[in-house]
Amino acid sequence: MEYFDNIIGQEHIRNHMQAAVRRENPSHAYLLSGEKGSGKKMLAEAFASALQCEDGSGEKPCGKCLSCMQMMTGNHPDVIYVRHEKPNVISVDEIRRQLNQDVGIKPYRSRWKIYIVDEAEKMNVQAQNAALKTLEEPPDYAVILLLTANTDSMLETIKSRCVTLAVRPVQEDTLKRYLMQKAKLPDYQASLCAAFARGNVGRALLLSSSPEFEENREETVSLLKSIKRKSANDLAAVAKKKVEKDADPSTFLELLQLWYRDVLLYKATNSAKHLIFNGEVQYIKKTAAACSFEGLNRILDAVTQTSDRLSANVNAELSMEWLLLTCRDEQAGAEQMSRT
């Protein structure tokens, strides 16, 4: 069972929902929007738990009453999850059967009958129009929560009948502290996962327990520490291996971007305080001393250009090789100039 105080960030949504619980007057339809993994379902379940709780505190579920016990086991008879059989579509028949026809049956034992429609963007037009019939004239006891990663896919008539609550990215420092407490990550790993997740709690937790992500990080850091000593043939081999191994090289490119962003930050501030790769300060410091501001910006531009080229289906191996050569040459060239 989810509690509001288990959810980091999203104070605007938590405050809105808790006020509705205290007033005992929720809206009949909500549209929770946010990217996958952002916490929409956690918020919906915390809201449902608080509304159905029998102790009447209005702040959070008591965790002891029968309703709370049923929420804990996922068997609350008056909290209905609308399911869909096909992975990419919620059909009109599924909406009619699980929402339209069911909503006419009064709650089994609670004041509210709550429907949670996850991945609501997968409702086809016919399904949305079917749902609209219930949204237009819902029973007094109905609360419908539509969770979507894409509000643009929802009909305007649907959106106009819902209270829209947008899940916002969580601040990096807040997410880092959460990972250190929740996932017991060390400072260094929490910093990287928080930066990489870009405010998405679900993605941060996934990265924190991903051996593939940790392996990619270790390989990337090892490469960057030694890149100025690599020959063109060495880097061509690395590029080939990366393309063959990674169906999606975006993780590698983001790691490069974060690394050189750290180098640029250290060069500008001469401080390790805000570094993401704060376990590699000595290498960051050496690279910052060897490179010019212009060279670092050229590297970061090369990362962006490579990402754009890969998106445009330009030869991946050649694009990656060009990027690695650019990183090496900017570092090696700057170091050579500093010696002369």
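Structural notes, computed from the coordinates. (Residues numbered from 1 in each chain as written. Predicted model: local features only at pLDDT ≥ 70, side-chain atom pairs only at ≥ 80, totals over all residues. Heavy atoms only, no water.)

1. With respect to the overall build of the chain
- Across its full length, the chain carries 15 helices and five strands.
- Judged by the C-alpha coordinates and their principal axes, the chain covers about 85 × 40 × 30 Å.
- A burial count over the chain gives 49% of its 340 residues as buried.
- Taking all contacts inside the chain whose residues are at least 6 apart in sequence as the whole, residues at least 24 apart take part in 72%.
- Computed over 45 positive and 45 negative side-chain charges, the separation of the two mean positions in the chain equals 3 Å. (Helix = DSSP H or I, 4+ residues; strand = E, 2+ residues; numbered from the N terminus. Buried < 20%, exposed > 50% of the residue type's maximum accessible area, 1.4 Å probe, protein only. Contact = heavy atoms within 4.5 Å. Lys, Arg positive; Asp, Glu negative; His and termini not counted. Charge placed at Lys NZ, Arg CZ, Asp CG, Glu CD.)

2. Regarding the pairing of strand S4 (residues 142-148)
- With seven of seven residues buried, S4 is to be regarded as a mostly interior element.
- Side-chain alternation along S4 places Ala142, Ile144, Leu146 and Thr148 on one buried face and Val143, Leu145 and Leu147 on a second face that is also buried.
- Sheet analysis places strand S1 (residues 29-33) next to S4, joined by five bridges and oriented parallel. For Tyr30, the partnering residue across the bridge sits in S4 and is Leu145.
- Bridging between strand S3 (residues 113-117) and S4 involves five bridges; their strand directions are parallel. Paired with Val117 across the bridge in S4 is Leu146.
- Following the backbone out of S3, through helix H5 (residues 125-136) and into the adjacent parallel S4, one traces a crossover that is right-handed. (Pairing = 2+ DSSP bridges. Right-handed = clockwise from strand over helix to strand, strands pointing away.)

3. Remarks on the packing of aromatic side chains
- Going through the model one piece at a time under the given rule, you end up with four aromatic pairs.
- On the basis of an interplanar angle of 85° and a centroid distance of 5.3 Å, the ring pair of Tyr30 and Phe47 is categorised as edge-to-face. Placement of Tyr30 in strand S1 and of Phe47 in helix H2 (residues 40-52) is noted, with a sequence separation of 17 residues between them.
- By relative accessible area, which is 1% here, Tyr30 ends up buried.
- The buried category is assigned to Phe47, whose relative accessible area is 0%.
- Taken together, the ring pairs in this structure connect Tyr188, Trp259 and Phe277 into an aromatic cluster.
- Lying over the aromatic face of Phe293, Lys267 brings its terminal NZ or CZ to 5.4 Å of the ring centre. (Phe/Tyr/Trp six-rings, centres within 6.5 Å; stacked < 30°, edge-to-face > 60°. Lys NZ or Arg CZ within 6 Å of the ring centre and 35° of its normal.)

4. Some thoughts on a nonpolar patch on the surface
- Together, Leu66, Met69 and Met72 make up an exposed nonpolar region whose accessible area comes to about 270 Å².
- By the element assignment, Leu66 lies in helix H3 (residues 66-73). (Patch = residues over 30% accessible without salt bridge, like charges linked within 9 Å, V, L, I, M, F, W, Y side chains within 5 Å. Areas by Shrake-Rupley, 256 points an atom, 1.4 Å probe, with all protein chains shown as cover. Salt bridge = Lys/Arg side-chain N within 4 Å of Asp/Glu carboxyl O.)

5. Let's talk about the sheet that holds strand S5 (residues 163-166)
- The strand order S2-S3-S4-S1-S5 describes an open sheet built from five strands, whose pairing is parallel. With one partner strand each, in any of the chains shown, strand S2 (79-81) and S5 form the two edges of the open sheet. Sheet twist, expressed as the average angle between the axes of neighbouring strands with direction ignored, equals 20°.
- Sheet strands touched by helix H1 (residues 11-23): S1 and S5. Its angle to S5, the strand with the most contacts, is close to 145°. (Axes fitted to C-alpha atoms, helices over the stretch in contact; angles between N-to-C directions.)

6. Let's talk about the nonpolar core
- Leu175, Trp259, Tyr260, Phe277 and Leu323 are the most contacted members of the largest nonpolar core, which totals 50 residues.
- In terms of residue count, helix H12 (residues 250-269) provides more of this core than any other element does, nine residues in total.
- Not counting the four nearest positions on each side in its chain, Tyr260 is found in contact with Leu224, Ile227, Leu296, Ile299, Leu300, Cys327 and Gln331.
- Within the second largest apolar cluster, 26 residues are counted, among which are Ile13, Val21, Ala44 and Ile116. (Core = buried A, V, L, I, M, F, W, Y, C linked by side-chain atoms within 4.5 Å.)

7. Some points on the environment of Phe277
- Among the secondary structure elements, Phe277 is positioned in the loop between H12 and helix H13 (281-290).
- Given a relative accessible area of 1%, Phe277 falls into the buried group.
- Put simply, Phe277 and Tyr188 are 89 residues apart on the chain and 6.5 Å apart in space, counted from C-alpha to C-alpha.
- Phe277 has contacts with Tyr188, Leu192, Arg217, Val221, Leu255, Leu258, Trp259, Asp262 and Ile284, leaving out every residue within four places of it along the chain.

8. Considering the pairing of S1
- By the criterion of burial, S1 is predominantly enclosed, with five of the five residues buried.
- Side chains Ala29, Leu31 and Ser33 of S1 all project onto a buried face; the interleaved residues Tyr30 and Leu32 project onto the opposite face, where all are buried too.
- One ladder, built from four bridges, connects S1 with S5; its direction is parallel. Directly across from Tyr30, in S5, lies its bridge partner Val163.

9. Quick word on the layout of surface pockets
- Its volume calculated, the largest pocket comes out at about 310 Å³.
- Elements with a minimum of two residues in the lining of the largest pocket: H2, S4 and helix H9 (201-208).
- In terms of residue class, the lining of the largest pocket is built from six nonpolar, five polar and six charged. (1 Å grid on protein atoms, 1.4 Å probe; cavity = no way out; pocket = protein on both sides within 12 Å on 5 of 7 lines; lining within 4 Å. Points joined across faces, edges and corners; volume = space filled by probe spheres on them. Nonpolar A, V, L, I, M, F, W, Y, C, P; charged D, E, K, R; others polar.)

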